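The lines below spell out each chain.
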Amino acid sequence: MGCASSASVWCIGPEVKLVRVSYTRNDDKPLGFRLQHNSNGILVRGVLPETIASAWNDQNPSTQVLFGDRVVSVNGIEVDSSWNCWCSILSELRKDRVNMVVARGRAEDL
């Protein structure tokens, strides 16, 4: 797979399900997310094939990171809609160890 990973899932309230995923790169594969920065923060717009994220999703169907999920935090940095936050998150996603929390996508975010 090219990475060591772990995950957990929990709910906060009746409508919000959070997924925590930890990726550790062991080779030069990209993490593999297509992301969109907007007034809601950062949304997952896709997972590219043959990447660390796609391998994780294939092997862990109950804790996949999916189209429409909202990124809550990366490596402890809480996401907001600011440009500075977007730049910080992009920098964190390039690191060898990435701890990410996403909230399951909701219709109003798509």
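For the structure itself, consult the block above.
Just so you know, these numbers come straight off a predicted model, no measurement behind them. (Residues numbered from 1 in each chain as written. Predicted model: local features only at pLDDT ≥ 70, side-chain atom pairs only at ≥ 80, totals over all residues. Heavy atoms only, no water.)

Draft legend 1. Representation of the overall build of the protein chain within the structure. Secondary structure summary: the protein chain contains 2 helices and 7 strands in total. Walking the protein chain from its N terminus toward its C terminus, one meets helices and strands in the order β-β-β-β-α-β-β-α-β. Taking all 110 residues of the protein chain together, the buried fraction comes to 42%. A sequence separation of at least 24 residues applies to 56% of the contacts in the protein chain between residues at least 6 apart. Surface summary for the protein chain: the accessible area is close to 6,000 Å², and the carbon and sulfur share equals 49%. (Helix = DSSP H or I, 4+ residues; strand = E, 2+ residues; numbered from the N terminus. Buried < 20%, exposed > 50% of the residue type's maximum accessible area, 1.4 Å probe, protein only. Contact = heavy atoms within 4.5 Å. Areas by Shrake-Rupley, 256 points an atom, 1.4 Å probe, with all protein chains shown as cover.)

Draft legend 2. Spatial organisation of the nonpolar core. Core analysis: the largest hydrophobic core is formed by 21 residues, its most contacted members being Y23, F33, V65, V71 and M100. Of all the elements, helix α2 (residues 83–93) adds the most residues to this core, at 4 residues. (Core = buried A, V, L, I, M, F, W, Y, C linked by side-chain atoms within 4.5 Å.)

Draft legend 3. Examining the pairing of strand β5 (residues 70–74) more closely. Pairing of strand β4 (residues 41–47) with β5, which is carried by 2 bridges, proceeds in the antiparallel orientation. Of the residues in β5, the one forming a bridge with I42 is V71. Inspection of the sheet shows β5 paired to strand β7 (residues 97–103) by 4 bridges, in the antiparallel sense. Within the sheet, the bridge partner assigned to V74 lies in β7 and is M100. By the bridge criterion, 2 bridges tie β5 to strand β6 (residues 77–78) in an arrangement that is antiparallel. Looking at the pairing, V74 lines up with I77 of β6. In this antiparallel pair of consecutive strands, β5 and β6, the connection spans 2 residues, and N75 shows a positive phi of 50°. (Pairing = 2+ DSSP bridges.)

Draft legend 4. Summary view of α2. Along α2, the residues that are buried comprise C85, W86, I89, E92 and L93. Buried residues of α2, viewed axially, fall in a sector of 125°; they line one side. Away from its buried face by more than 90 degrees, α2 exposes W83 and N84. Those residues of α2 hidden inside the fold are in contact with β2 (17–25), β3 (33–38), β4, β5, β6 and β7. The opening residue of α2 is S82, an N-cap whose side-chain oxygen sits 3.1 Å from the backbone nitrogen of C85. (Arc of directions from axis to C-beta. Polar contact = N/O pair within 3.5 Å; in protein donor to acceptor, adjacent residues only side chain to side chain.)

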